[in-house]
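What the coordinates show
Here are the chains, one letter per residue:
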Amino acid sequence: MKAVKILTEPNPILRKKAKEVEKIDENITKVIEDMTLALEQSEIEGLAVAAPQIGESVRIILVRVREQRDKEGKVIQKAIPLTAYINPQITKFSKEKISLEEGCLSCPYLYGKVERPKKVHLESINIQGKKVKINASGLLARIFQHEVDHLDGILFIDLITDKKTIRKAKPKNEEPNI
Ligand code: CO
């Protein structure tokens, strides 16, 4: 099987503003296939990946989230099967913000708290070229913001306000590596 590596900081491709996808052609399908491989092959379990993280400076993110339940067994996060969002744009941010710990496949073993809007509205195109609109909260809202930042050359480590929250750790596959 083809091996697809995830680039890590300080690779300059991670700092470039990615280009809009103009046409969903073979090249774009290939990028999405490679992103899928990268997510599957990653040593650290990741929930999402952005195209620049595999060296492709185009505006595509790929998300895959498992169902999460609280101690009482109540679903707190619905499963999201592997989904590609093309030219994703966050068009609305909630005023309410929340501080959550983030990690990134491009900054391995590093975690820190980032304050971001709690809810967002995302507009994008799916692989069939159709417009998709999603209201996201919780983990998904966090993932969308972190991934769209990747398309603009921003890493979560740039956004950590309280440096005391930074910790280095071997991931336990429970951390939000996105
Ligand atoms: Co990331």
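Structure: see above.
An account of the accompanying structure is given in this report. (Residues numbered from 1 in each chain as written. Predicted model: local features only at pLDDT ≥ 70, side-chain atom pairs only at ≥ 80, totals over all residues. Heavy atoms only, no water.)

Here we come to the sheet that holds strand β1 (residues 48-50). Across the sheet, which stays open at both edges, the 5 strands sit in the order β1-β2-β5-β8-β9 with antiparallel pairing between neighbours. What marks the edges here is a single partner per strand, and that holds for β1 and β9 (131-136). Strand-to-strand, the axes of this sheet are offset by a mean angle of 35°, without reference to chain direction. Both strand β8 (residues 120-125) and β9 contribute to a ladder of 6 bridges, which runs antiparallel. When the sheet's bridge partners are listed, Ser124 is paired in β9 with Val132. (Pairing = 2+ DSSP bridges. Helix = DSSP H or I, 4+ residues; strand = E, 2+ residues; numbered from the N terminus. Axes fitted to C-alpha atoms, helices over the stretch in contact; angles between N-to-C directions.)

Taking 1.5 Å per residue as the helical rise, helix α2 (residues 138-151) with its 14 residues ought to reach 20 Å, and the 21 Å between its terminal C-alpha atoms agrees with that figure. Burial of α2 is extensive: 13 of the 14 residues sit out of reach of the surface. Where α2 ends, the next residue or the one after it, Gly153, has phi of about 80°, a positive value. (Expected span 1.5 Å × (residues − 1). Buried < 20%, exposed > 50% of the residue type's maximum accessible area, 1.4 Å probe, protein only.)

Our focus in this paragraph is the side chain of His121. As for its placement among the helices and strands, His121 is situated in strand β8. A polar atom in the side chain of His121 sits 2.8 Å from the side chain of Asn135. Excluding its chain neighbours within four sequence positions, the residues that come into contact with His121 are Gln89, Ile90, Thr91, Lys92, Lys133, Ile134 and Asn135. (Polar contact = N/O pair within 3.5 Å; in protein donor to acceptor, adjacent residues only side chain to side chain. Contact = heavy atoms within 4.5 Å.)

For the rest of this paragraph, the subject is the pattern of salt bridges. Counting across every chain of the model gives 14 salt bridges. With a shortest N-O distance of 3.2 Å, Asp34 and Lys30 are connected by a salt bridge. Separated by 4 residues within a single helix, Asp34 and Lys30 lie in helix α1 (residues 26-41), roughly one turn from each other. By relative accessible area, Lys30 is classed as partly exposed at 41%. Residues participating in the shared-partner salt-bridge network are Glu102, Arg116, Arg142 and Asp149. (Salt bridge = Lys/Arg side-chain N within 4 Å of Asp/Glu carboxyl O.)

A word on the environment of Glu123. Of note, Glu123 is situated in strand β8. Ignoring any residue separated from it by four or fewer positions in sequence, one finds Glu123 in contact with Asn87, Pro88, Gln89, Thr91, Lys131, Val132 and Lys133.

For the rest of this paragraph, the subject is the coordination of the cobalt ion. Around a metal, the ideal angle is 109.5 degrees if four donors adopt a tetrahedral arrangement and 90 or 180 degrees if six donors adopt an octahedral arrangement. Around the cobalt ion, the protein supplies Cys104 (SG), His146 (NE2), His150 (NE2) and Ile178 (O) as donor atoms, at distances of 2.1 to 2.2 Å. One can describe the donor arrangement at the cobalt ion as irregular, given that its 4 donor atoms subtend angles of 88 to 145° at the metal. Coordination of the cobalt ion draws on donor residues from a single chain, spaced C-x41-H-x3-H-x27-I in sequence. In this pair, Cys104 is assigned in strand β6 (residues 97-104) and His150 in helix α2, connecting sequence segments 46 residues apart. With a relative accessible area of 1%, His150 lands in the buried category. (Donors = N, O, S within 2.8 Å, 3.2 Å for Na, K, Ca; no water. Tetrahedral: all angles 85-135°; square planar, octahedral: opposite > 155°, others 65-115°.)

Pairing is antiparallel in the open sheet, where 3 strands are placed in the order β6-β7-β10. For this open sheet the edge positions go to β6 and β10 (167-168), each flanked by a neighbour on one side alone. Alignment of strand β7 (residues 107-117) against β10, held across 2 bridges, turns out to be antiparallel. Bridged to Leu110 within β10 is Lys168. Those strands touched by α2 are β6 and β7, and its axis lies near 60° from that of β6.

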